[in-house]
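# Observations on the model geometry
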Amino acid sequence: MKKLIFILFFINSAAQNISLNEQYVYDDLRDLQLLGKLSTEHSFIIRPFNINNIEEIKIKDLYIKDIYKTDDFQFSLLSPQYKIEFNSNHPYNRNNGSMLPNRGYQHLFSFGIFSKIGPLEITLRPEHFFAQNLNFDGFPESHYPEIWMKRYRLWNHIDIPERFGTTRQNEFLLGQSSLMFNFNKISFGISNENLWWGPSIRNSIMLSNHAKSFNHLTIKSKNPINIGIGDIEFNFITGKLLPSKYTPPN
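Everything quoted here is computed from the prediction, not taken from an experiment.

Conventions we followed
Residues numbered from 1 in each chain as written. Predicted model: local features only at pLDDT ≥ 70, side-chain atom pairs only at ≥ 80, totals over all residues. Heavy atoms only, no water. Helix = DSSP H or I, 4+ residues; strand = E, 2+ residues; numbered from the N terminus. Buried < 20%, exposed > 50% of the residue type's maximum accessible area, 1.4 Å probe, protein only. Contact = heavy atoms within 4.5 Å. Patch = residues over 30% accessible without salt bridge, like charges linked within 9 Å, V, L, I, M, F, W, Y side chains within 5 Å. Areas by Shrake-Rupley, 256 points an atom, 1.4 Å probe, with all protein chains shown as cover. Salt bridge = Lys/Arg side-chain N within 4 Å of Asp/Glu carboxyl O. pLDDT = per-residue confidence, 0-100. Core = buried A, V, L, I, M, F, W, Y, C linked by side-chain atoms within 4.5 Å. Expected span 1.5 Å × (residues − 1). Arc of directions from axis to C-beta. Phe/Tyr/Trp six-rings, centres within 6.5 Å; stacked < 30°, edge-to-face > 60°. Lys NZ or Arg CZ within 6 Å of the ring centre and 35° of its normal.

### Describing the overall build of the protein
The number of helices and strands found in the protein is 3 helices and 17 strands. Burial analysis of the protein (250 residues in total) assigns 39% to the buried set. Once local pairs closer than 6 in sequence are excluded, the contacts in the protein between residues at least 24 apart make up 62%.

Quick look at the structure:
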């Protein structure tokens, strides 16, 4: 399998949360933590990460450019993000958000605004997704019936299409958007952001940006909360996952 990936980023501007699509920012923050320039209270186990948590260094100046900001009001433009991926033979994807396991060309383009009015924070960051979704050699139809039976045992227990339809994909998504209310160190509201729960960099324990995000209600800690014996972080969510609507082969 030949694979060619281009990832292009433009000048960053303000954002409350660093989305999981901005892995390069997390890489910088982890390096700064190893160098002793960022507090170790930031675990990166629960993401997206609130960039306003960072007070001890000037890294916010690298990623935030506010249009207008006072103590009670803030308005910012979110910088465009443009990701391109090309698979020449077989589909492949890992931790690339709304992108699909796709053969051919695909891109993910996002933009938006961030606004804060008192305790209310609004992030509107839609995504445009396009994928050629070309045909490829998949699970062969020539297999014996008992092999197909074992294959369907898997398909009957998990929604994991081999190919997402037979035509190209072209759609606008809600993307990394949220509507949150803040109270001290607690934040609650509705979100469509990708979530990451786990200590690892490439493979989370639960939830990741391996697939596109979903609508959910959430109550979470804005930043680590000291309880005397250490710092804790939490994120409670409730939502409904919808099926892909793509059935296995006949």
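### Some points on a nonpolar patch on the surface
A cluster of nonpolar residues, Ile122, Leu179, Phe181, Phe183, Phe188, Ile190, Leu217, Ile219 and Phe236, forms a patch on the protein surface that exposes about 850 Å² of accessible area. Listed by contribution, the elements that provide at least two residues to the nonpolar patch are strand 11 (178-183), strand 12 (186-191) and strand 14 (216-221). Per element, the largest residue contribution to the nonpolar patch is 3 residues, and it comes from strand 11. In this fold, isoleucine 190 is placed in strand 12. For isoleucine 190, a relative accessible area of 40% translates into the label partly exposed.

### Describing the confidence of the model for the protein
Here the protein shows a mean pLDDT of 83. Residues at 70 or above account for 87%. Across the protein, strand 9 (residues 127-131) holds the top mean pLDDT of 95, while strand 1 (residues 3-9) sits lowest at 40. A low-confidence stretch, residues 1-15 (pLDDT under 50), is modelled with 48 contacts involving residues beyond four sequence positions or located in other chains.

### Section: unusual backbone geometry
Between arginine 47 and the following residue, proline 48, the backbone shows a cis peptide bond with an omega angle of 20 degrees. For proline 48, the location among the structural elements is in the loop between strand 3 (46-47) and strand 4 (49-50). Backbone geometry at phenylalanine 44 places phi at a positive 65 degrees, although glycine is not the residue there. Positionally, phenylalanine 44 belongs in the loop between helix 1 (23-34) and strand 3. The phi angle at asparagine 95 is positive, at roughly 55 degrees, despite the residue not being glycine. In this fold, asparagine 95 is placed in the loop between strand 6 (73-87) and strand 7 (104-117).

### Focus on the nonpolar core
Among the nonpolar cores identified, the biggest contains 11 residues, and these are Ile18, Leu20, Val25, Tyr26, Leu29, Leu32, Leu38, Phe44, Phe49, Ile51 and Trp196. Ranked by residues supplied to this core, first place goes to helix 1 with 4 residues. The contacts of isoleucine 18, once residues within four sequence positions are left out, are Val25, Tyr26, Leu29, Pro48, Phe49 and Ile51. Counting residues in each nonpolar core, the second largest holds 7 residues, with Leu100, Leu108, Phe164 and Leu173 among its members.

### Observations concerning helix 1
With 12 residues, helix 1 should cover 16 Å at 1.5 Å per step; its first-to-last C-alpha distance of 17 Å lies within 8% of that length. Among all positions in helix 1, only Val25, Tyr26, Leu29, Arg30 and Leu32 are buried. Down the axis of helix 1, the smallest arc covering the buried residues is 160 degrees, so these residues share one side. With its phi angle positive at about 80 degrees, glycine 36 sits one or two positions after the end of helix 1.

### With respect to the packing of aromatic side chains
The final tally for this structure, using the stated rule, is 14 aromatic pairs. On the basis of an interplanar angle of 35 degrees and a centroid distance of 5.6 Å, the ring pair of phenylalanine 109 and phenylalanine 111 is categorised as tilted. A relative accessible area of 28% places phenylalanine 109 in the partly exposed class. When its relative accessible area of 34% is taken as the criterion, phenylalanine 111 is described as partly exposed. Seen from their ring centres, phenylalanine 164 and tyrosine 246 are 5.7 Å apart, and the 75 degrees between their planes marks the pair as edge-to-face. Placement of phenylalanine 164 in the loop between helix 3 (145-155) and strand 10 (169-173) and of tyrosine 246 in the segment after strand 17 (235-239) is noted, with a sequence separation of 82 residues between them. Take phenylalanine 164: its relative accessible area is 16%, and that puts it in the buried class. One aromatic cluster in this structure is built from Phe139, Trp148, Tyr152 and Trp155. Above the ring of phenylalanine 139, the side-chain terminus of arginine 151 is found at 4.4 Å from the ring centroid.

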